[in-house]
Amino acid sequence: MKKIIIISLAVILLTSCDSFLDLKPIDFPTEETFYDDIKGLEGAIIGAYDELQSGDQYSGRFMTLMEIRGDNVTNDNSGASGGINYQIEVFTETPANTNLETAWLSLYQIIYRTNLILQNVDNVQMTETQKNNIVGQASFLRGLAYFNLVRLWGNVPLITKTQTVEEARENVRADKSKIYEQIILDFSNAKKLPTSWPDAERGRATSYAAQALLAKVYLYQKSYDKVISELQPLVTAIKENKIIGLVPTPQTFPENLKTSKDVLFAVQYLKGGVGESVHQNNRYRNNDNGNVINLEQSQFESDLDNRKSMLRPTGSGQRPGKFNSVATNNETSGDFPIIRSAEVMLMYAEALNEQSSAPTTDALNALNAVRINAGLPEKNLIDYSSKELFRKAVYQERRLELALECDRWFDIVRTGQFSSVFSGVDSYRQLYPVPMSEIENVNNKEGWQNEGYSIGQ
């Protein structure tokens, strides 16, 4: 997507006040003129989407924070990049780790850009449909940014309007319950979006994606009745297989992510030297044991599982089949999925099971839909004699189905598996330390660091 230069709040905090604020690219619209018509707002929306492509998010940094941190991918190269990725692998990162700083800044860049859009939208004449689409997309992207922030750091500053530097220096960390309230509001507003877009605009957020992510937020809060309510219409649509539907993994990954009915929302890329690609190294390429697939093949039920071959251990210079899209001059245009139909079915199965005293037919049907899609035989209720056994089966299916999609680390924490998966690691490591650079730029530093970490590191 076309890159749009907008000053972010987070970057302002790292720079001297007056000199930085005076810098405005002469060939770009200013804030005073950029948001006075629908074209300006559309351009700003593209700029917000664009930040998802950043190397500090889904083009690189998130793979470290969300996958290398987990148990599907290992980093065995302690010397690369000054060891900052290896620190994440072995739970020795400090607030000075630049993986944390740049990811934090990038997420608040999205929040800054979407706040600008949302606070200017009422000043522009447009149709109700146009307004719903602008507000819906901006809300969706802000909700996604805050969802990642709260899962990575817990309490974070809740900022819903642009700020002066002086205001920003007075920010405090909001309780995560308040962050989740805002995320729910944002994804709820995004439900006004269309269920699909014309082919030329494919890749924008949809109401289906908003509902699915809203349900995922409710899943994190264990509000299972709300998960079921949000997902029921999506499950119906998936079964109808018109706009969205289940598609076998090898038919979606790695080359058909842009068109697969399985993908509800993905970060899109385009190769060809236009600055919209992702470097092949940032799709789990094994360079000097920096990205080693650690998901043992024995985790798969059988060779019938069509996902197994896509997640085999990789040798030097190789990428896993799941993300081995064609590379040209190291550029790939393989999209990165954020939410898929398969996950909708797994969330539905999990929520239904948690709401019952024992596995139900509806929950089993949802789980079986994913199994059949993977080439595996159906299971029967007799195979799951308890709620706990069914829960374990869902967790395992999530690990295999969503492997390498930046969800495994969050699942380990969310489902209470941290102490068993990482025995001997301090429990406070379930959250990352707040970047030292952020703490240095606020006036009142009290309460700014997560438990177990030191501000002065």
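Residues numbered from 1 in each chain as written. Predicted model: local features only at pLDDT ≥ 70, side-chain atom pairs only at ≥ 80, totals over all residues. Heavy atoms only, no water.

Re the overall build of the protein chain
Here is step 1: When you go through the protein chain residue by residue, the secondary structure sums to 19 helices and 7 strands.
Here is step 2: For the protein chain, whose C-alpha radius of gyration is 22 Å, the value lies close to the compact-globule estimate of 23 Å for 457 residues.
Here is step 3: C-alpha extents for the protein chain along the principal axes are approximately 65 × 55 × 50 Å.
Here is step 4: Counting every position in the protein chain, which comprises 457 residues, the buried fraction comes to 56%.
Here is step 5: Restricting to contacts in the protein chain with at least 6 residues of sequence separation, those with at least 24 account for 71%.
Here is step 6: Per element, the accessible surface of the protein chain, about 18700 Å² overall, is 48% carbon and sulfur.
Here is step 7: With 46 positive and 57 negative side-chain charges, the protein chain shows a separation of 4 Å between the mean positions of the two kinds. (Helix = DSSP H or I, 4+ residues; strand = E, 2+ residues; numbered from the N terminus. Rg over C-alpha atoms; globule rule 2.2 N^0.38 Å. Buried < 20%, exposed > 50% of the residue type's maximum accessible area, 1.4 Å probe, protein only. Contact = heavy atoms within 4.5 Å. Areas by Shrake-Rupley, 256 points an atom, 1.4 Å probe, with all protein chains shown as cover. Lys, Arg positive; Asp, Glu negative; His and termini not counted. Charge placed at Lys NZ, Arg CZ, Asp CG, Glu CD.)

Things to note about the sheet that holds strand S6 (residues 331-332)
Here is step 1: Read across the sheet, 3 strands follow the order S3-S6-S5 without closing on themselves; strand pairing throughout is antiparallel. The open sheet has two free edges, formed respectively by strand S3 (278-279) and strand S5 (327-328), since each of these has just one partner strand. (Pairing = 2+ DSSP bridges.)

Some remarks on the packing of helix H7 (residues 98-120) against helix H8 (residues 128-153)
Here is step 1: Two elements in contact, H7 and H8, have axes whose closest approach is 9 Å; the angle formed by their N-to-C orientations is 155 degrees. Accordingly, the angle class assigned to the pair H7 and H8 is roughly antiparallel. Of the two elements, H7 crosses H8, and the hand of that crossing is left-handed. Contacts between H7 and H8 involve Leu100, Ala103, Trp104, Leu107, Tyr108, Ile110, Ile111, Thr114, Asn115, Ile117 and Leu118 from the first element and Ile134, Val135, Ala138, Ser139, Leu141, Arg142, Ala145, Tyr146, Asn148, Leu149, Leu152 and Trp153 from the second.
Here is step 2: In terms of residue class, the contact of H7 with H8 is built from 18 nonpolar, 4 polar and 1 charged. (Axes fitted to C-alpha atoms, helices over the stretch in contact; angles between N-to-C directions. Parallel < 35°, antiparallel > 145°, perpendicular 65-115°, else oblique. Left-handed = near helix turned anticlockwise from the far one by under 90°. Nonpolar A, V, L, I, M, F, W, Y, C, P; charged D, E, K, R; others polar.)

What to know about the pattern of salt bridges
Here is step 1: Under the criterion given, the structure shown has 29 salt bridges.
Here is step 2: Residue Arg204 pairs with Glu201 through a salt bridge whose shortest N-O separation is 3.3 Å.
Here is step 3: Connected through salt bridges with shared partners, the residues Asp262, Asp305, Arg307, Lys322, Arg340, Glu397, Glu401 and Glu405 form a single ionic network. (Salt bridge = Lys/Arg side-chain N within 4 Å of Asp/Glu carboxyl O.)

Here's the deal with helix H16 (residues 387-401)
Here is step 1: For H16, which comprises 15 residues, the first-to-last C-alpha distance of 21 Å matches the rise-based estimate of 21 Å (1.5 Å per residue) to within 8%.
Here is step 2: If you check which residues of H16 are buried, you get Lys387, Phe390, Ala393, Val394, Tyr395, Glu397, Arg398, Arg399, Leu400 and Glu401.
Here is step 3: For H16, the elements touching its buried residues are helix H11 (207-220), helix H13 (249-252), strand S7 (336-340), helix H14 (341-354), helix H15 (361-373) and helix H17 (408-414). (Expected span 1.5 Å × (residues − 1).)

A word on helix H10 (residues 176-190)
Here is step 1: Relative to the 21 Å expected for 15 residues at 1.5 Å per residue, H10 spans 21 Å between its end C-alpha atoms, a close match to the ideal helical length.
Here is step 2: Turning to H10, its buried residues number three or more, namely Ile179, Tyr180, Gln182, Ile183, Ile184, Asp186, Phe187 and Ala190.
Here is step 3: Lining the buried residues of H10 we find H8 and H11.

Notes on the nonpolar core
Here is step 1: Membership of the largest hydrophobic core comes to 125 residues, with the highest contact counts inside it found for Phe140, Trp153 and Phe265.
Here is step 2: Ignoring any residue separated from it by four or fewer positions in sequence, one finds Phe140 in contact with Asp186, Phe187, Ala190, Ala205, Ala209, Ala210, Leu213 and Phe265. (Core = buried A, V, L, I, M, F, W, Y, C linked by side-chain atoms within 4.5 Å.)

With respect to the confidence of the model for the protein chain
Here is step 1: In the predicted model, the protein chain carries a mean pLDDT of 92, and 92% of its residues have values of at least 70.
Here is step 2: Confidence, read as mean pLDDT per element, is least for helix H2 (residues 17-21) in the protein chain (30) and greatest for H14 (99).
Here is step 3: A low-confidence stretch, residues 1-29 stays under pLDDT 50, and its non-local contacts, those more than four residues away or across chains, total 61 contacts. (pLDDT = per-residue confidence, 0-100.)

As for unusual backbone geometry
Here is step 1: The omega torsion across Phe253 and Pro254 is -5 degrees, close enough to zero to call that bond cis.
Here is step 2: Despite not being glycine, Asn289 shows a phi value in the positive range, around 65 degrees.
Here is step 3: On the secondary structure map, Asn289 appears in the loop between S3 and strand S4 (292-293).
Here is step 4: Overall, Asn289 belongs to the partly exposed group, its relative accessible area being 40%.
Here is step 5: For Leu404, which is not glycine, the phi torsion reads 70 degrees and is therefore positive.
Here is step 6: Mapped onto the fold, Leu404 is located in the loop between H16 and H17.

Overview of the packing of aromatic side chains
Here is step 1: Tallied over the entire structure, the rule returns 21 aromatic pairs.
Here is step 2: Between Phe91 and Trp409, the ring centres sit 6.2 Å apart and the planes meet at 50 degrees, which makes this aromatic pair tilted. Of the two residues, Phe91 sits in the loop between helix H6 (84-89) and H7 while Trp409 sits in helix H17, which places them 318 residues apart along the sequence.
Here is step 3: On the accessibility criterion, Phe91 (9% relative accessible area) is buried.
Here is step 4: Taking the relative accessible area as the measure of exposure, Trp409 reaches 1% and is therefore buried.
Here is step 5: Plain terms: the ring middles of Trp409 and Phe418 are 6.0 Å apart, the flat faces sit at 75 degrees to each other, and that makes the pair edge-to-face.
Here is step 6: Taking relative accessible area as the criterion, Phe418 reaches 3% and is therefore assigned buried.
Here is step 7: Clustering of aromatic rings is evident, with ring pairs tying together Tyr58, Phe62, Phe253, Tyr284, Phe323 and Phe336.
Here is step 8: Above the face of the Phe147 ring, Arg151 is positioned so that its terminal group lies 3.8 Å from the ring centre.
Here is step 9: Stacked on the ring of Trp197, the Lys or Arg Arg204 has its end atom at 5.4 Å from the ring centre. (Phe/Tyr/Trp six-rings, centres within 6.5 Å; stacked < 30°, edge-to-face > 60°. Lys NZ or Arg CZ within 6 Å of the ring centre and 35° of its normal.)

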